[in-house]
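The primary structure of each chain is shown beneath.
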Amino acid sequence: MQLTIPIPECQQAIRLPAGVVDWSEEELLRFCVANPDLRIERSAKGEIIVMSPAGGYSGFRSGEVFSQLKVWTRKDGTGVAFDSSTGFRLPNGAMRSPDASWVLLSRLEKLSQHEKEQFIPLCPDFVIEVASPSDEVSSLKEKMDEYRQVGLRLGWLILPASRQVEAYSAADVHVLAPSETVSGDPVLPGFKLDLAPIWKPPF
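Every value quoted in this text rests on a predicted model; they were computed, and no experiment measured them.

Colleague: Quick question: what am I supposed to make of the pairing of strand β8 (residues 126–130) here?
Modeller: Counted residue by residue, β8 has five buried out of five residues, so it is predominantly covered. Residues of β8 alternate between two faces, with F126, I128 and V130 on one and V127 and E129 on the opposite face, all of them buried. As judged from the five bridges shared by β8 and strand β9 (residues 154–159), these two strands associate in the parallel manner. The residue of β9 that forms the bridge with F126 is L154. A crossover links β8 with its parallel partner β9, the connecting element being helix α5 (residues 137–149), and its sense is right-handed.

Colleague: Would you explain the nonpolar core in this entry?
Modeller: For soluble globular proteins, nonpolar side chains are generally found buried alongside one another. With 23 residues, the main nonpolar core has L69, F126, I128, W156, I158 and L193 as its most contacted residues. Looking at this core, the elements that each hand over two or more residues are α2 (56–76), β7 (100–104), β8, β9, β10 (164–168) and α6 (196–199). Counting residues per element, this core draws most heavily on α2, which supplies four residues. Judged by nonpolar contacts, the second largest core, of 20 residues, contains L90, Y147, L159 and Y168.

Colleague: Whenever I open this one, the side chain of E166 confuses me. Can you help?
Modeller: Relative to the elements of secondary structure, E166 occurs in strand β10. Residue E166 is classed as buried on the basis of its relative accessible area, which comes to 8%. Within the structure, the side chain of E166 is placed 3.2 Å from the side chain of K141, a separation counted as a polar contact.

Colleague: How should the environment of A196 be read in this particular structure?
Modeller: Here A196 lies in helix α6. On the basis of relative accessible area, A196 is assigned to the partly exposed category, the value being 31%. Put simply, A196 and T181 are 15 residues apart on the chain and 7.6 Å apart in space, counted from C-alpha to C-alpha.

Colleague: Sorry, what's going on with the pattern of salt bridges here?
Modeller: Close approach of charged atoms allows side chains with opposite charge to pair. Enumeration according to the criterion identifies 12 salt bridges in this entry. Residues E25 and R89 are paired through a salt bridge, measuring 3.3 Å at the closest nitrogen-oxygen approach. Placement of E25 in helix α1 (residues 25–34) and of R89 in strand β5 (residues 88–89) is noted, with a sequence separation of 64 residues between them. As a salt-bridge pair, R39 and E129 come within 3.7 Å of each other at their nearest N and O atoms. Taken together, the positions of R39 in strand β2 (residues 39–42) and E129 in strand β8 put the pair 90 residues apart, joining distant regions of the chain. Beyond isolated ion pairs, a larger network of salt bridges with shared partners links R39, E41, R96, D99, E129, K143 and E146.

Colleague: Even after reading the chapter, I still don't get the confidence of the model for the protein, so can you show me in this structure?
Modeller: Regions with low pLDDT should not have their predicted coordinates read in detail. The predicted model of the protein averages 90 in pLDDT, with 92% of residues at 70 or higher. Low pLDDT (under 50) marks residues 1–10, which in the prediction has 20 contacts with non-local residues, meaning those over four places away or in another chain.

Colleague: Looking at this structure, how should I read unusual backbone geometry?
Modeller: Residues apart from glycine generally show negative phi values, whereas peptide bonds are mostly found in trans. Backbone torsion omega between D185 and P186 reads -5°, so that peptide bond is classified as cis. When you line up the elements, P186 lands in the loop between β12 (181–183) and β13 (192–194).

Colleague: Looking at this structure, I do not really get the sheet that holds strand β11 (residues 173–175). What am I missing?
Modeller: Sheet strands pair via backbone hydrogen bonds, and the direction of the pair is either parallel or antiparallel. Strand order in the open sheet made by the six strands is β4-β7-β8-β9-β10-β11, with mixed pairing throughout. Of all the strands in the sheet, just β4 (79–83) and β11 have a single pairing partner and so form its edges. Strand-to-strand twist of the sheet, defined as the mean angle between neighbouring strand axes without regard to direction, takes the value 15°. Note: β4 against β7, five bridges, orientation antiparallel. Within the sheet, the bridge partner assigned to V80 lies in β7 and is V103. Packing of α2 onto the sheet brings it into contact with β4, β7, β8 and β9, and relative to β4 it is tilted by some 165°.

Thresholds applied
- Residues numbered from 1 in each chain as written.
- Predicted model: local features only at pLDDT ≥ 70, side-chain atom pairs only at ≥ 80, totals over all residues.
- Heavy atoms only, no water.
- Buried < 20%, exposed > 50% of the residue type's maximum accessible area, 1.4 Å probe, protein only.
- Helix = DSSP H or I, 4+ residues; strand = E, 2+ residues; numbered from the N terminus.
- Pairing = 2+ DSSP bridges.
- Right-handed = clockwise from strand over helix to strand, strands pointing away.
- Core = buried A, V, L, I, M, F, W, Y, C linked by side-chain atoms within 4.5 Å.
- Polar contact = N/O pair within 3.5 Å; in protein donor to acceptor, adjacent residues only side chain to side chain.
- Salt bridge = Lys/Arg side-chain N within 4 Å of Asp/Glu carboxyl O.
- pLDDT = per-residue confidence, 0-100.
- Contact = heavy atoms within 4.5 Å.
- Axes fitted to C-alpha atoms, helices over the stretch in contact; angles between N-to-C directions.

As structure tokens, this is what we get:
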């Protein structure tokens, strides 16, 4: 599938209103596969959101949170960690790809082989979103609220510019006290994200 979309150098997202493109799930997947350099999401309203490749700091931060989550996941053994290239089809019809996410293995085992090869049809148990300089924080907060409304157990919105972490759960949303680590207990027992390299990348 070919669709020419001009991506601005400032890395701001391009939003295509619902109706401009009317894609089936398979067509959206083919478009994502055909454009691996772009990060593509769909809102619950059908809006297609196209983002350019990440800048250096943003790419490092996204990779760092996934790497730390992956190490814990291998030791824990109860779930699977996914990076930002993975799409999740949420119960409200949105397709989202968080910077890092984790899903209980018992939930994934209930899916068919075909479902596992497509956008995963569920909301992750845990997600991390890291704001980049070009992100609209209000849009990220809306996305985090969207996760909450469709089954998220725990989510972190990391804001490097202000060195803040907002924690999202089904019960509430709150800003965590300033710290160099943040704990995933009790949803992710024993997982602690080291924020030091997020606040100050090594380059």
